[in-house]
Amino acid sequence: MSSTNQKSALTLFNQTNVQEKFEKLLGKKSQGFISSVLQIVNGNKLLQNADPMTVYNAAATAAVLDLPINPNLGFAWIVPYKGSAQFQMGWKGFVQLALRTNQYQNINTTEVYENQFKSFNRLTEELEADFDVPGEGEIVGYAGYMKLKSGFSKTTYWSKEEVITHAKKYSQAYGKGSMSPWNDKEQFHSMAKKTVLKNLISKWGIMSVEMQTAHLADQSVQKEVGNYDYVDSSNTIDIEAENINEEEKRIKLFIDKADTLEALELLKESVPEQLMFYYEAREDELQIA
C-alpha cells in the first residue's frame, strides 16, 4: 500500500482552496460530499494507491454534476483503474440529469426476462414484451425508453449478446479479472442498462451541458480537469453517436442564424423532433422581435 498517496489524497481534500471549491459547487452539501470521498478512498486499497489528482478530478466531476458518489445509490462512482481514479456514471445518474432538463415526460431502462420478451422490430422500434408479469428465467436483453414533453418518443432494445459485444469492443476491462464490473452478475446488469440508456440519450435525447459533460467524463481518468483519458477503452469515441451530435449542432447553428420567421420556416422539415423545443424557442424570439 502506498501510504504517501493516501496521505496526499487526505491532504489534498483538507486544503482550504479545495474545500472552498467544493463549497462553491455544492454549498452546504460540500462537507458531507468531501467526507464521502474520503470514506471511499479509505475503504479501497487500490484508490489509496491511485494518483491523488485523479481522485480529486473524479470527485470534482461528480460535484459539478451534483451527483452523489455513494456506491449504494448507483448515481456515480469513483473507481480505481491502473493506478488512477476513474469517474463512472451509473444509469440512475443519466436519468437524474435527463429529468433536470425538464424536457422529459418519461425515461427509464430495465432488464427483460425470457418469459417477458416476445419480439422487437428494429425498423418500427416496436418492443413486444409483457412487463405486467414478474420476470422469470434468464435475462435475455435490456430495454430503454424515453418520451419528451414535445411528444417525441423512442424505444430501444439490446439483446444480452449485443451488450456483451459492445462491452468487448469498448471496454478493455471486460473479462479481465474479478475487479471488472462486467464480471459481477449484479454489476453486469447495471452496466448493461447504463450502456443502453447512454446510447439512447446520446442519439435521440436532450444533450444538456450537464449531459454532455457526463457523456465525456464517463469512464475517463482526468489528470487535468477536462482532459479526458479513456484508459479503459480501446475505442474512445462512439463514432455513430458523435456524428449524430455533430449534425444536431449544425442544425442548431442554422436555427440561430435564421433572422426572419420565413427563413426559420424553411428549416422546419429538417429539424428532428428532439430539437423542436430549440426551434420553437427561436420562433418565439423572432415573433417578439
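Here the structure is a predicted model, which means the values were calculated and not measured.

Caption draft 1: Representation of the sheet that holds strand β7 (residues 153-159) in the model. Strand order in the open sheet made by the 3 strands is β3-β6-β7, with antiparallel pairing throughout. Each having just a single partner strand, β3 (104-113) and β7 make up the two edges of the open sheet. With strand direction ignored, the average angle separating the axes of adjacent strands in the sheet is 10°. Examined bridge by bridge, β3 and strand β6 (residues 139-148) share 9 bridges and lie antiparallel to one another. Each bridged residue has a counterpart across the sheet, and for T109 the counterpart in β6 is G144. Across the sheet, helix α7 (residues 160-170) touches β6 and β7, and the angle it forms with β7 is around 85°.

Caption draft 2: How the structure looks around the environment of L47. Of note, L47 is situated in helix α4 (residues 45-48). Residues within four places of L47 in sequence aside, it is in contact with I40, V41, V55, I78, V79, P80 and A85.

Caption draft 3: Structural context of the side chain of T109. Topologically, T109 is positioned in strand β3. Under the relative-accessibility criterion, T109 is labelled buried at 3%. A polar contact is formed between the side chain of T109 and the backbone oxygen of A143, at a distance of 2.9 Å. Apart from residues no more than four positions distant in its own chain, T109 is found in contact with W91, A143, G144, K193 and L197.

Caption draft 4: Quick look at the pairing of strand β4 (residues 117-121). Where β4 lies against strand β5 (residues 126-129), 4 bridges are found, and the strand directions are antiparallel. Directly across from F120, in β5, lies its bridge partner L127. Between β4 and β5, which pair antiparallel one after the other, the connecting turn spans 4 residues, and E125 there sits at a positive phi close to 60°.

What counts as what
- Residues numbered from 1 in each chain as written.
- Predicted model: local features only at pLDDT ≥ 70, side-chain atom pairs only at ≥ 80, totals over all residues.
- Heavy atoms only, no water.
- Pairing = 2+ DSSP bridges.
- Helix = DSSP H or I, 4+ residues; strand = E, 2+ residues; numbered from the N terminus.
- Axes fitted to C-alpha atoms, helices over the stretch in contact; angles between N-to-C directions.
- Contact = heavy atoms within 4.5 Å.
- Buried < 20%, exposed > 50% of the residue type's maximum accessible area, 1.4 Å probe, protein only.
- Polar contact = N/O pair within 3.5 Å; in protein donor to acceptor, adjacent residues only side chain to side chain.

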